[in-house]
Amino acid sequence: MARLYLKLDNVVLREYPVSDAPVTIGRLPDNTIHVDNLSVSGHHARIVQENGQWVLYDEGSTNGTYVNGQRVSRAVLADGDSVHIARHIIAFADDFAPEPQVPVAPSAVPPAAIAAPVTPAKPVGRITVLSGKTDMQEYVLTGMENVIGKSEAAAIHLTRWFAPKVAATIRQRNGKYFITESPTPTGVRVNSEVVHGERELVSGDTILVDEVTLSFTLQG
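Quick summary incoming for the structure in this document.

Cut-offs and rules
- Residues numbered from 1 in each chain as written.
- Predicted model: local features only at pLDDT ≥ 70, side-chain atom pairs only at ≥ 80, totals over all residues.
- Heavy atoms only, no water.
- Pairing = 2+ DSSP bridges.
- Helix = DSSP H or I, 4+ residues; strand = E, 2+ residues; numbered from the N terminus.
- Phe/Tyr/Trp six-rings, centres within 6.5 Å; stacked < 30°, edge-to-face > 60°.
- Buried < 20%, exposed > 50% of the residue type's maximum accessible area, 1.4 Å probe, protein only.
- Lys NZ or Arg CZ within 6 Å of the ring centre and 35° of its normal.
- 1 Å grid on protein atoms, 1.4 Å probe; cavity = no way out; pocket = protein on both sides within 12 Å on 5 of 7 lines; lining within 4 Å.
- Points joined across faces, edges and corners; volume = space filled by probe spheres on them.
- Nonpolar A, V, L, I, M, F, W, Y, C, P; charged D, E, K, R; others polar.
- Axes fitted to C-alpha atoms, helices over the stretch in contact; angles between N-to-C directions.
- Contact = heavy atoms within 4.5 Å.

**A few points about the sheet that holds strand β3 (residues 23–26)**
Stage number 1. In spatial order, the strands read β4-β3-β5-β6-β9; together these five strands make up an open sheet with mixed pairing. The open sheet is flanked by β4 (33–34) and β9 (74–77), the only strands paired with a single partner.
Stage number 2. Where strand β6 (residues 53–58) lies against β9, four bridges are found, and the strand directions are antiparallel. Bridge pairing in β9 links Val55 to Val76.

Dropping the structure here:
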């Protein structure tokens, strides 16, 4: 599956799975990827699937669209490409992109390389929304700091009218995830217990923060 990761200052703000439907990027809220920045045009760019490839088009934006540092009007995206729009970066990842095949003579492969163990991938935290007002139903916690709140920089974006800009933060350290004490009067609870300071999250934990109930899972 192809995915897009919206980043700001090297922090992943949100993940977007890519399907057959076009992905639009721009400042207006009707875009698939909403980037609230005056340097971004209302409808800045779009990504569509053409002949099995993902193609990026600039929509005549004022400040341009860049792929890996080069300004483009059209570009075929490959796994690992970075799309720069104003201060934001949209990283493109394609899990099913074919890897280049390099022929290797059998005698050139040392036995130790054949028997080398595979290093397991680090587990990744996921948040599923059980109830409450958010902009998505599921979030992947790829950043080192994942803010829960109404802030534009929030990884888990609360949409309740009076939601705080920062209701809590989930931090990642050494493959583990920790939720911080909430600065709001209502606080944050994990499995009905109020969090003071910081608490490590484990799979199956239920988080209650600002009238939103979330489920945390850790997947390898």
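**Quick word on the packing of aromatic side chains**
Stage number 1. Tallied over the full model, the rule gives two aromatic pairs.
Stage number 2. Look at Trp161 and Phe162: their rings are 6.4 Å apart centre to centre, the planes differ by 85°, and that puts the pair in the edge-to-face class.
Stage number 3. You can call Trp161 exposed: its relative accessible area is 68%.
Stage number 4. A residue is classified by how much of its surface remains accessible, and Phe162, at 65% relative accessible area, is exposed.
Stage number 5. Sitting over the ring of Tyr57, Arg46 keeps its end group 4.6 Å from the ring centre.
Stage number 6. Sitting over the ring of Phe178, Arg173 keeps its end group 4.1 Å from the ring centre.

**Comments concerning the pairing of strand β10 (residues 82–85)**
The side chains of a regular strand alternate between both faces of the sheet.
Stage number 1. Burial along β10 is one-sided: Val83 and Ile85 are buried, while Ser82 and His84, pointing the other way, are not.
Stage number 2. Summarising the sheet, strand β7 (residues 65–67) and β10 pair through two bridges and their orientation is antiparallel. From the neighbouring strand, Tyr66 faces β10, where its bridge partner is His84.
Stage number 3. Direction of pairing for β10 relative to strand β11 (residues 88–94): antiparallel, over a ladder of four bridges. Note that in β11 the partner of His84 across the bridge is Ile89.
Stage number 4. Hairpin connection from β10 to β11: two residues lie between these consecutive antiparallel strands, with Ala86 at a positive phi of about 55°.

**Comments concerning empty space enclosed by the protein**
Stage number 1. The final tally for this structure, using the stated rule, is one cavity of 30 Å³ or more.
Stage number 2. Estimates place the volume of the largest cavity at around 60 Å³.
Stage number 3. Val12, Leu13, Arg14, Glu15, Met136, Glu138, Tyr139, Val140, Thr142, Asn146 and Ala155 are the residues that line the largest cavity.
Stage number 4. If you list the elements that add at least two residues to the lining of the largest cavity, you get β2 (11–18) and β13 (138–141).
Stage number 5. Element by element, the count of residues in the lining of the largest cavity is highest for β2, at four residues.
Stage number 6. Taken together, the residues of the lining of the largest cavity sort by class into six nonpolar, two polar and three charged.

**Details of the sheet that holds β10**
By definition, the strands of a sheet pair up through backbone hydrogen bonds, in either a parallel or an antiparallel sense.
Stage number 1. If you trace the six strands from one edge of the open sheet to the other, you get β2-β1-β11-β10-β7-β8, paired in antiparallel fashion. The open sheet terminates on both sides in strands that have one partner only, identified here as β2 and β8 (70–72). Across the sheet, the axes of successive neighbouring strands diverge by a mean angle of 30°, strand direction being ignored.

**Things to note about the layout of surface pockets**
Stage number 1. Of the volumes computed, that of the largest pocket is approximately 150 Å³.
Stage number 2. Taken together, Leu6, Leu8, Leu13, Arg14, Tyr16, His34, Val35, Asp36, His88, Ser151, Glu152 and Ala153 make up the lining of the largest pocket.
Stage number 3. Where the lining of the largest pocket is concerned, the elements lending two or more residues are β1 (2–8) and β2.
Stage number 4. Top element by residues in the lining of the largest pocket is β2. It accounts for three residues.
Stage number 5. Of the residues that constitute the lining of the largest pocket, the class distribution is six nonpolar, three polar and three charged.

**Quick look at the environment of Ile179**
Stage number 1. Relative to the elements of secondary structure, Ile179 occurs in strand β17 (residues 176–180).
Stage number 2. Judged by relative accessible area, Ile179 falls into the buried class, the value being 0%.
Stage number 3. Placed 34 residues apart in sequence, Ile179 and Glu145 show a C-alpha to C-alpha distance of 9.7 Å.
Stage number 4. Ignoring any residue separated from it by four or fewer positions in sequence, one finds Ile179 in contact with Ala168, Thr169, Ile170, Val188, Val190, Val195, Gly197, Glu198, Arg199, Leu201 and Ile207.

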